[in-house]
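Coordinate analysis (summary)
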Amino acid sequence: MAIKKGGKHVKTTWKPKLKKGQSSGSNPSTRKFRDAAKNNVFTFNSGEAGLTATALAKHNEELNDRDDHSAFDCETQSVGAKSCSTILTSWTDCSNQSFNKVHRLWKSNSAMHKEILAVLAAVTEVIKEKGGKETETEYLAALMTALDTVEGEESLTAVLYLISLVIKRAPPSVLKARFSEFAKCFMDILAKYASSASTSLIRSAIVCLATVLRMQDQGAWSDSSTTQLYRAVLSFTVHSKPKVRKAAQQAVNAILKGSTFMTHDGAPAHHPAAAITAKYCVEQIEGGGGSDEAVTSLHTIGLLKDILPIFPSRSIKSVCETILKVMTLSNMLIKATCMKALYALFLSRPKPDSLTQDLNAQLIAALYDYQPGENDVQPMLAWLAVMREAHANLHALNAGLLTAHLQKFCKTCMACFLTEKAEVAQAACDSLKAIIVDCLKPSKDAVISDFGISQTAGGSSLVHKLFHSVEVGLGYQYHAFWGHVLQILTLLFEILGRECHVIMNKCLLSMACLRDSLGFKFNKELDYAVGAAVRSMGPRLVLEAVPLQITGNEETFDFPRSWLLPVMRANVQDTELGFFVTYFLPLAARLRNRANELRRDGKHVLAKTYDILQNQIWALLPGFCIRPTDLCQSFPGLAKILGQVISERVDIRSEVLAALRLLISKNLDNAKNRAEIAVYAKNYLPIFFNVLTTEPEGHAGKHASCLAVLETVKVYLQITPAELVESLFDKAFDRIGDAAQTAYKRYALMDLLMCMAPYIDLHRINLLYDSVSALVKDGDRTVQKKSFRIVEELCSCRSDACHLFVVDNLTSLQSLLTDTLSSGAPSCKAPRLRCLSHIVQRLPSAQPDFLQAIIPEVIVCTRETADRTRAASFKLLADIGNCIMKDTQKTEQEQMTEFLMMLCAGLAGTPYMVGATIVALTTVLFQFRDKVQREVLETLLENMCLLLSSKSREVVASVLGFIKVVISVTKDTTLAQYLEQLITSISNMTEDTRRHFRFKVKIIFTKLIKKFGADLIMGMTPEVYHKMLANIRKTLERAKKKRMAEEADDSDEEEGTKEVVKKVETIEDLLRDTDSELEEEDDGRPSSNRAPMPKKRRKAQATAAYLQEGGEDDILDFLDPGVAKKVLATKPKADKPAVDHGFKIASDGRLVITQDKEEEEKALVGGKKSFMVDVDKIMETMDISGKKGKKRTRASVDDDDGDDGDVFPAKYKAGGSGIHRQIAEAKQDSMKSDYGGDYRAKKAGGDMKRRGKPDPFAYVPLTAKSLNKRKKASFQGQFKGIVKSAKKGARKGRKGKRK
């Protein structure tokens, strides 16, 4: 069938439309091209690697030119390695690496590509005929010769492209020697084809000319001819074609930065052409101006973004002055591009001889005149980013000069907190925090020194000014962004709080008052700020500024500052321990006494409140014990009190013990403090021993602080003298043999002996072991367990005495542990297994008899209920495997095979033993998966597949766990060989086990589908599993889609967070859009329902500027230095008309209520008659007049309502919910509602569509009244009426259609 289209006949073939999802069913049966593609894709080089130093050097040369032009303007397609080489070989057999780009980007249907290959083939043939070696010089000479003889623009483009490739690899000496010839040739081509439509030709010529210029010496740039050539390249940087412009800008960038003399040692500070470039840019910007069509200025400023930092100082100054001049114009796009250029200048951190400190400071001062309005979001964000980098660069040049500008920038950022835009406030907060961290913190010493001098002289330093500027942000006018202000104060507290705390007291008190105020929303930020003050200043200085207001003698019990206690608990460290002794200890005592008094008076609630307060005070003690600054002076006065508290106060014993542990562990490296604490070991350790051995009254169990005491004993023994430890050990050891001891004391003594075991000598260790050897067979299970724990401690301890003991008694330990196998209690299994693990690790070589004796117990323990027992058995299996592989006579695979065979002996036991053996095999396979032979794995899988048909659930459960581990740890290629066998055995499970373990089977199938795909697995399984497999496939697809969506959301959130919280890396993110709030209220429709904006209108809005005017009396002064703030990139919103409340409003916001003169006269002259009329009206309103039986009519009510003289309302008016709801008015409103009236045409009949609204169908509102059963019939009638009307309209339409 032929269709005439545009004067031509186009033959088309109609094909049947395929159903959704059935397009793959039309694939042809032949696979000729697919098979060929597969063969070509997997073609690899089998020769030696070509990575050499020369290749790397050439690669580095190409990196800078990767973004250069390509003659292939169209998209390229990838082809196989074999097919590509075959096709190109038919054209040319060039072997020079410079032309790899031609081979890589080959496209057969491009005429330009064919022309390039034809030229390359011809040149290659000429070189080979003359006996050339195909070097870069030969190709360059041949191609330059071809330029003189070639005819046609297409052939010229091909030759130039090949020259642009090979000239980059040509020897610099050749380019220097033939500089004049090459330059004249390329210049003639550029002059002739400057206005040509061939973009590739101009780009290639620019690249060639730029490469020649890059290779020249510094002396060549003193010639006017060289600068003339460079100016020619510069002229193309503002070309109308983007590809040409980009090539020229990259060429200029490469010349200024990558010339040969600029990359060698002794290079000049600036390129000789830098001043020429700067002058040219200034001329272009001034010539283009900032009008709406200032395209040249935009292109020039875009070039400056890359090269401005490498200009000399004088050129940078002139360029920046020009940029600032252009920024005074109303073109917002020009302003945004100028901001990008300045941001790039400061961000690059130019050399001091390029951007001097004075020029940097002048730019900072000048930029304040171009500050946008605080409500102009995108320009303000860009301005803040530029200023932040400008201050950071000034700090790198001269930190002292920065102090003069820091206060003004701080005030500017604080002014941003008065804006309505949260983005501006967040950017200001981030900028100020970055300046504090990057500039103020490194100069902390100088700033603090200046602060000290000013304090002495009574002057004002930078710290004073900066802190007071931020402190102003705690005023109510900043309440919307108090969170940002508190973040800045947090940094100031952390950096300057310790040395400059004098000026921070007032601020802390203001923060505390804010915290106590009603409705304060930033409690978390304020607590963190106060915590920073506590960390830096210390609790003493903080409490001097913000009193705690808790004395113990309060008459009111609101305790407004009690929030300080948990804040200090989380942040106290590196402070004075003596302050706790002098301030908090007496306060805690007073609170305790007050609680006891209230408890005696029967006020138990208030007593409990004081108990909580004193517990919170004692909870501060661990923080005071973290690296205290006055430990040697304050601890002697506190040690006795702490000992009494440990002995007598059970309620706060844990806090005191935690404080002692921190005090010791944080001072292990401080010899002086450590010796001071060790002096009191003779006092504390007996107290600990007494607490542990004292049985609590009322019950026989341990008290809650027993474990805390044991941990404290272990920590204190680290610094206890050996003589004291041995003395205490002897006393405890003598008491443990006393038969009169209670069980509780016996347990406690055994715990203490276990703690002291690492610190005693070999003689006492032997005594302890002899005693414990008899106790492991004791009838008390707890004694057995603690005995094994002592043996475990002896075996695991790394002290010299314990190491010698284990080596000397290794055989005795093995016998002890094997003999107690049958007599050990179940609770002893975990410590026994851990003891065995330590012994197996100490074995010099594998002992088969000993290992075979303990393996059955290990296998059985893998199925224990206790988690610690199972974990110990798994670890022991791994230790046994490592011990077996110590034999060097066999390979690791052979040794692992023997170990697995030893474990497989358990497969012949009971179902429980079989299940435990399979679990042990699974553990070993997981631990040593790299050392298991393939034949052994195959044997294990065969046995497991047979066991899957067992009727025992515990056996099948273990086998399924084994299969799951095998799938996880085995490579896909290895697992694929056993895939069918695994699936068949799973399918042959009994009905009971298949139903019982259906979830485990589903997990296995899920893993298999992830590895091999659903189609393959479904083809191997019987039909009974197909429903499950289909569900798994859908679940995986759904999870994948959900995961991708979440990752996309997370990436968006991270990008958004980076823009708000972190430093802005590039300014393009700030200036991508001018504004996101584009007159959404113009037509009352949301932006999503509006038609897309035309391109011209978008461009106009991108460059549009708006003036922010005040009221009628506020005239905009264009001579005002701050007028730049009034020029906005965002259209200012019109002020909404004030709501008329019926009263006049004074200037201070008060309501002004006036009374007419006539009403005043009536009120004065009315007399008794007026009074009686009012009384009658009141009586009538309250329905207590003489006419009781007569109802008031609607007219009377209306008349009363309309009477201006009524003082009281004429009738009760409904309002609210429930019985007070308005019923009559609601009914009237529902009756008045005209559904569909918005769609009714004004002139024509019928309805019409409205933009941004649903189609004009019959939409019935769904309200809660529709659920009323009593009104069901009325609603059904409403629907019937709608349907009846629709049918009537349809019949009318059909009749009209027939006519």
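To keep things clear, this report deals only with the structure shown in the data block. (Residues numbered from 1 in each chain as written. Predicted model: local features only at pLDDT ≥ 70, side-chain atom pairs only at ≥ 80, totals over all residues. Heavy atoms only, no water.)

**Quick look at the overall build of the protein**
We apply this condition: Numbered from the N terminus, helices here are DSSP runs of H or I no shorter than four residues, and strands are runs of E no shorter than two. Remark: exposure states derive from per-residue accessible area (1.4 Å probe, protein chains only) relative to the maximum for the residue type, with buried under 20%, exposed over 50%, and partly exposed in between. Working rule for contacts: check all heavy atoms of both residues, and any pair within 4.5 Å makes them a contact. In short, Shrake-Rupley with a 1.4 Å probe defines the accessible areas, and a residue's cover is counted only from the protein chains shown.
Across its full length, the protein carries 61 helices and 6 strands. Looking at the 1299 residues of the protein, the share that counts as buried comes to 42%. Intrachain contacts of the protein at a sequence separation of at least 6 include 69% that bridge at least 24 residues. For the protein, the accessible surface area stands at approximately 72800 Å², while carbon and sulfur atoms represent 53% of it.

**Quick word on the pattern of salt bridges**
Using the following cut-off: Just to be clear on terms, a salt bridge is a Lys or Arg side-chain nitrogen sitting within 4 Å of an Asp or Glu carboxyl oxygen.
Counted under the stated rule, the structure contains 31 salt bridges. Lys786 serves as the salt-bridge partner of Asp751, at 2.9 Å between the closest nitrogen and oxygen. Placement of the pair is Asp751 in helix α38 (residues 743–756) and Lys786 in helix α40 (residues 781–796), with a sequence separation of 35 residues. Of the two residues, Asp751 and Lys786, both sit in the buried class. A salt bridge links Arg953 to Asp992, with the shortest nitrogen-to-oxygen separation between them at 2.8 Å.

**Topic: the packing of helix α39 (residues 762–775) against helix α41 (residues 800–808)**
What counts, and what does not: Between N-to-C directions, angles span 0 to 180 degrees; the directions come from axes that are lines fitted to C-alpha atoms, helices contributing only their stretch in contact. Relative orientations are named as follows: roughly parallel for angles under 35 degrees, roughly antiparallel for angles over 145 degrees, roughly perpendicular for angles from 65 to 115 degrees, and oblique for any other angle. Handedness of a crossing is defined here by the sense of rotation of the near helix relative to the far one, left-handed for an anticlockwise turn of less than a right angle and right-handed for a clockwise turn. Think of it as three bins: nonpolar holds Ala, Val, Leu, Ile, Met, Phe, Trp, Tyr, Cys and Pro, charged holds Asp, Glu, Lys and Arg, and polar takes everything else, Gly as well.
Across the interface, α39 lies against α41 with an axial gap of 9 Å and an inter-helix angle of 50°. Considered as vectors, α39 and α41 are oriented oblique to each other. Handedness of the α39/α41 crossing: right-handed. Contacts between α39 and α41 involve Leu762, Ile765, Asn766 and Tyr769 from the former and Ala801, Cys802 and Phe805 from the latter. Class assignment for the residues of the contact of α39 with α41 results in 6 nonpolar, 1 polar and no charged.

**Re the packing of aromatic side chains**
Definition in use: For this analysis, a ring pair means two rings from Phe, Tyr or Trp (six-membered ring only for Trp) whose centres lie within 6.5 Å, classed as stacked if their planes differ by under 30 degrees, edge-to-face if by over 60, and tilted for the remaining angles. Two conditions define a charge located above a ring, namely a distance within 6 Å from the ring centre to NZ of Lys or CZ of Arg, and an angle within 35 degrees of the ring normal.
Considering all chains together, one arrives at 23 aromatic pairs under this definition. Their ring planes at 75° and their centres at 6.3 Å tell us that Tyr476 and Trp482 sit as a pair that is edge-to-face. Among the residues examined, Trp482 registers a relative accessible area of 8% and is labelled buried. Between Tyr583 and Phe584, the ring centres sit 4.9 Å apart and the planes meet at 90°, which makes this aromatic pair edge-to-face. A network of ring pairs unites the aromatic residues Phe579, Phe580, Tyr583, Phe584, Trp618 and Phe624 as a single cluster. Here the basic side chain of Arg535 rests over the ring of Tyr528, its NZ or CZ set 5.5 Å away from the ring centre. The ring of Phe926 carries Arg929 above its face, with NZ or CZ at 4.9 Å from the centroid.

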